[in-house]
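Summary of the model geometry
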Amino acid sequence: MPLGFLKSARESNRPVPQPEGPAPLVRSDRSEVLGEVEELGIGMFWATDAEGRLTFLSKRALVELGSEAESLIGNAITQVFQDVEAEDGAPTQRSLAFKLKARSKLEEQIVAVPTARGSTRWWRLNGRPLLDAQDNFRGYRGSAVDISAQYAYETQVARQSQVDELTGLANRRKLGERLKAMLSAFRVSQRSCALMMLDLDRFKQVNDTMGHPAGDELLKQVAQRLSSIVKDYGEVGRLGGDEFQVLLPDMDDRGTLGELANRIVQSLSQPYQINGRRAIIGTSVGIAIAPYDGLEADELTRSADMALYSAKETRGGTFCFFTSELRDAASKTAMLGDRLRDAVDRDELKLAYQPLVDPATNEVKCFEALLRWHDEEEGDISPALFIPVAENDDLIIRIGEMALRQACIDALSWPETIKVAVNVSAKQFIRPGYRKAVAAALQASGLPPGRLELEITESVFVGDLETVDAIFRDLKKLGVRLALDDFGTGYSSLGYLKHGHFNKIKIDQSFVRGCTENGDINPAIITAIVALAKALGMETVAEGVEAMDELELVRERGADLVQGYIYSRPLTQEQVLTQIADGTMKCNPDGPPRHRAERITIFRKVGLIHEDHYYDVILRNLSKTGARITGLAGVPVGTDVVLDLGHGQLVVSKVVNATENSQGLKFETPLISDGSGGFMTRHRISPYSLAEAGIPLAALGAGAFPLAKWREAHKSVPKFVQMDLSI
Ligand code: C2E
Ligand code: MG
Ligand code: MG
């Protein structure tokens, strides 16, 4: 027997069926096509007439198809042998019909063959057109090999290399290729493209407590939610683990991107149902935009990663845009971690106590313990900065327990009517030994449990909620009180309030500050939270009250307690003891009569363009709608200027008030929030237009395309007096 036939028999990956039954009835002359191979039932052969109808199928082919010859002979060959399509529906080769019509040779044509058993096999066809003596086309003659096993394997490999098996989203490889292709095409056509990087907050916890299958199920649901939000805007993929990515072509409006990121954060933090149990996770999002934050895929990805890292650092459950300051911040954070560890070893972290006051009587009811860290070189470092760093490793446990022990001891020297509130990081809270640590701190100090209040943020309601519930029950058994901190900022799921774990809700500062401004929706939110808390038997605290009109508003809306600079900044234990010794258990409100629009106080060198001259100025403060600058003398009110905040952020402004060397600017278009407490412009001038102005694209690093470069080529006569900014 010729060896070639053995090979094809092997390739079919199936045992060779023994010839059985009578030979099929065929119209064409079988001896012309077959020979001894057909007799043995090994090879698969076929033939058509000039109209493309099957005239012959060898016995083996019929066995494979599970059909009788009668049911197939006479059918169009394209009905029996069907074209295969790729994953995305695109054809993988020229169609069989096309080739037959063109009467071209068939070489390794792969077809799908439905069998009578309802399954599909994949065959590889070879064939050639047959001409008679007069050169008339008489049909095709050909052979077939079953390649089903190999085909299934190959398509799976192809699929695996493009698609994430678990979620069906694009995988890392496909995303990488898409991003590269998109960026190089967009560079030619000067289009923009945003890249969002997502990382789930506390996914690991679900995986650990509920098991890997539950984790997998959660990832699938996340993928679905993400796809339904992103829909037509762009492409979603999973990079692996709990990391997802979104590619958004032609997106550079940071306002729109921020809104989209917000919707993603909100949606992914709604509860999930997994095998009858509830789980909650959060997500952080980092956003970078080409060409501003990177021209190449690598660079853009790094920028988005850095933004993600910063979002996670801030507090998780937020989004963050890339800025070039982040690059410096990332290395600073690493250093901060080392410094913090040393400071803890040397016992340099202290506690400050801020009063919570009853606004009806001005009596102090409680002090909140707040960590303070004074670093020799850096000065005072805010807990908002170092707590997230500590949360990156187990340092938070040490710091948290230290704060807990110290606060209990300090509180014992206060009048019995005054409670102490201690902040608890979610990571600390969900750790198995936490209840014990609380019990130990109470016992060591002798503080009655009812005087200790633990402040917990919504971020503990993630992961497996039944485990979280059990921790709450355990703590309540100890007799301590629980407060929900920063209410309204986090995972916005109210379900957990109903469990009755909390004695107190602290309304976040962001609802309080500015609540007296016209048209603000926050007073309505405050009223609603107070009503909800009352209905559920909880006390309310308004956080961050600074101005008299805010105090008036929260008092009128029924907040039980007020905490804020209006009553007192955080005090040292000595100051507290002095006040108590004076018998001044009361605090009197003292602050500005009205809230002023949020201004970020800064001291930063920026640029100012007037007519065609570029000046250096110092930015003193910045709000959404305006700024104050110093560094120029004699600029009259009404002057039109353009403020250059760096990185392509140009703000068209008007001078609305001026002293000799300082000016107040009003912006033509308000800035937008950058998601982490700062402001930024909605759009940036594109590096492409700078390139047109003569600055080569290659010379522009990520996020760095200062107009100052333009100014060097642009010597002009100043109209105002530039002061020396170096002093
Ligand atoms: P928090 O628990 O919401 O604490 C309130 C923060 O608001 C404190 O900031 C306080 O100084 C500030 N604040 C109070 N009234 C006003 C006001 O009228 N205006 C303004 N602008 N701010 C006001 P601080 O001390 O910087 O703490 C920041 C955050 O750091 C705290 O927010 C808390 O989440 C965290 N933190 C502080 N101490 C600890 C701790 O011992 N453990 C843990 N896990 N977190 C802590
Ligand atoms: Mg707190
Ligand atoms: Mg708070």
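Refer to the structure presented above.
Predicted model only: the values in this text are computed from it and were never measured. (Residues numbered from 1 in each chain as written. Chains lettered and ligands numbered in written order. Predicted model: local features only at pLDDT ≥ 70, side-chain atom pairs only at ≥ 80, totals over all residues. Heavy atoms only, no water.)

We now examine the overall build of the protein. Tallying secondary structure elements over the protein gives 25 helices and 33 strands in all. In the protein, which comprises 727 residues, the proportion classed as buried is 49%. The contacts of the protein with a sequence gap of at least 6 include a subset with a gap of at least 24, amounting to 64%. Total accessible area on the protein stands at roughly 34300 Å², and carbon and sulfur atoms take up 51% of it. (Helix = DSSP H or I, 4+ residues; strand = E, 2+ residues; numbered from the N terminus. Buried < 20%, exposed > 50% of the residue type's maximum accessible area, 1.4 Å probe, protein only. Contact = heavy atoms within 4.5 Å. Areas by Shrake-Rupley, 256 points an atom, 1.4 Å probe, with all protein chains shown as cover.)

Right, let's talk about unusual backbone geometry for a bit. Between A290 and P291 the backbone carries a cis peptide bond, its omega angle lying at 5°. By the element assignment, P291 lies in the loop between β12 (282-290) and α13 (297-314). Despite not being glycine, N275 shows a phi value in the positive range, around 45°. Within the secondary structure, N275 is located in the loop between β10 (272-274) and β11 (277-280). One non-glycine residue with positive phi stands out, namely N362, at about 65°. Mapping N362 onto the fold places it in the loop between β14 (349-358) and β15 (363-375). Overall, N362 belongs to the buried group, its relative accessible area being 15%.

Before going further, it helps to spend a moment on the coordination of the magnesium ion (ligand 3). Ideal geometry at a metal gives 109.5 degrees between four tetrahedral donors and either 90 or 180 degrees between six octahedral ones. Within the protein, D485 (OD), D486 (OD), E543 (OE) and E543 (OE) serve as the donor atoms for the magnesium ion (ligand 3), at 2.0 to 2.8 Å. Counting along the primary sequence, the residues that act as donors to the magnesium ion (ligand 3) give the motif D-D-x56-E. In this model, the magnesium ion (ligand 3) sits 3.9 Å from the magnesium ion (ligand 2), the two metals being bridged by D485. Placement of the pair is D485 in strand β20 (residues 481-487) and E543 in strand β22 (residues 539-543), with a sequence separation of 58 residues. (Donors = N, O, S within 2.8 Å, 3.2 Å for Na, K, Ca; no water.)

So, about the coordination of the magnesium ion (ligand 2). The coordination sphere of the magnesium ion (ligand 2) contains the protein donors E368 (OE), N423 (OD1), E455 (OE) and D485 (OD), at a distance range of 2.0 to 2.2 Å. When the donors of the magnesium ion (ligand 2) are listed by position in the chain, the intervening gaps give E-x54-N-x31-E-x29-D.

This part is about helix α12 (residues 254-268). Compared with an ideal rise of 1.5 Å per residue, which puts 15 residues at 21 Å, α12 spans 21 Å between its outermost C-alpha atoms and is within 8% of the ideal. When α12 is considered as a whole, its buried residues turn out to be R254, G255, L257, G258, L260, A261, I264, V265 and L268. (Expected span 1.5 Å × (residues − 1).)

The next subject is the pairing of strand β18 (residues 452-457). For β18, a buried count of 5 out of 6 residues is recorded, marking the element as mostly surrounded by other parts of the structure. Note: strand β17 (residues 419-424) against β18, 5 bridges, orientation parallel. Within the sheet, the bridge partner assigned to V424 lies in β18 and is I456. Pairing between β18 and β20: 5 bridges, direction parallel. Bridge pairing in β20 places I456 opposite L484. (Pairing = 2+ DSSP bridges.)

A separate point is the sheet that holds strand β2 (residues 54-57). The 6 strands lie next to each other as β2-β1-β6-β5-β4-β3, forming an open sheet whose pairing is antiparallel. In this open sheet, the two strands that pair with only one neighbour each are β2 and β3 (82-83). Taken together, the 3 bridges between strand β1 (residues 44-48) and β2 define a ladder with antiparallel strand orientation. In the strand pairing of β2, W46 is matched with L57.

So, about the sheet that holds β10. What the 3 strands build is an open sheet, ordered β10-β11-β19; its pairing is antiparallel. For this open sheet the edge positions go to β10 and β19 (463-464), each flanked by a neighbour on one side alone. Relative to β11, β10 runs antiparallel, the two being bridged by 3 bridges. The partner of Y272 across the bridge, within β11, is A279.

With that settled, the discussion passes to the environment of I387. Locating I387 in the fold gives a position in helix α15 (residues 383-391). In the structure, I387 is positioned 47 residues away from L340 in sequence and 9.7 Å away in space, judged by C-alpha atoms. Setting aside residues up to four positions removed in sequence, I387 forms contacts with L371 and I396.

Attention now goes to the packing of aromatic side chains. All told, the structure shown has 13 aromatic pairs when counted by the stated rule. Seen in terms of ring centroids, F137 and Y140 are 5.9 Å apart; in terms of plane orientation they differ by 80°. Their pairing is edge-to-face. Like F137, the residue Y140 is buried in the burial classification. Among the aromatic residues, those joined into a cluster by ring pairs are W46, F81, W123, F137 and Y140. Taking the ring centre of Y272 as reference, the NZ or CZ of R225 above it sits at 3.6 Å. Over the face of the ring belonging to Y565 we find R569, whose NZ or CZ atom lies 3.8 Å from the ring centre. (Phe/Tyr/Trp six-rings, centres within 6.5 Å; stacked < 30°, edge-to-face > 60°. Lys NZ or Arg CZ within 6 Å of the ring centre and 35° of its normal.)

Let us look at the environment of M680. If you trace the backbone, M680 turns up in strand β32 (residues 679-680). Of the residues examined, M680 reaches a relative accessible area of 4% and is grouped as buried. In this structure, the C-alpha to C-alpha distance between M680 and P670, residues 10 residues apart in sequence, is 9.2 Å. Once you skip the residues sitting within four places of it in the chain, M680 turns out to touch R254, F321, Q649, L671, I672, S673 and D674.

Below, the discussion takes up the pattern of salt bridges. For the structure shown, the criterion picks out 33 salt bridges. Across the pair R684 and D293 runs a salt bridge, and its minimum N-O distance is 2.9 Å. In this pair, R684 is assigned in the loop between β32 and α24 (687-692) and D293 in the loop between β12 and α13, connecting sequence segments 391 residues apart. This pair shows no difference in class: R684 is buried, exactly as D293 is. Across the pair E363 and K365 runs a salt bridge, and its minimum N-O distance is 3.8 Å. Looking at E363, the relative accessible area reads 31%, which means it is partly exposed. Here the residues in one salt-bridge network are R339, D375, E377 and E378, joined through shared partners. (Salt bridge = Lys/Arg side-chain N within 4 Å of Asp/Glu carboxyl O.)

Taking 1.5 Å per residue, 18 residues should reach 26 Å; α13 reaches 26 Å between its end C-alpha atoms and fits that length. Within the sequence span of α13, burial applies to A297, E299, L300, S303, A304, M306, A307, L308, S310, A311 and E313. Backbone geometry just after α13 places G316 at a positive phi near 75°.

With respect to spatial proximity, 25 residues lie near ligand 1, and among them R372, D485, Q509, E546 and Y565 are the closest. The side chain of Q354 places a nitrogen or oxygen atom 3.1 Å from a nitrogen atom of ligand 1. E368 places a side-chain nitrogen or oxygen 2.9 Å from an oxygen atom of ligand 1. Contributions of two or more residues to the shell around ligand 1 are made by β15, α15, β17 and β20. When residues of the shell around ligand 1 are assigned to their parent elements, the largest contribution, 4 residues, is made by β15. (Near = heavy atom within 4 Å. Polar contact = N/O pair within 3.5 Å; in protein donor to acceptor, adjacent residues only side chain to side chain.)

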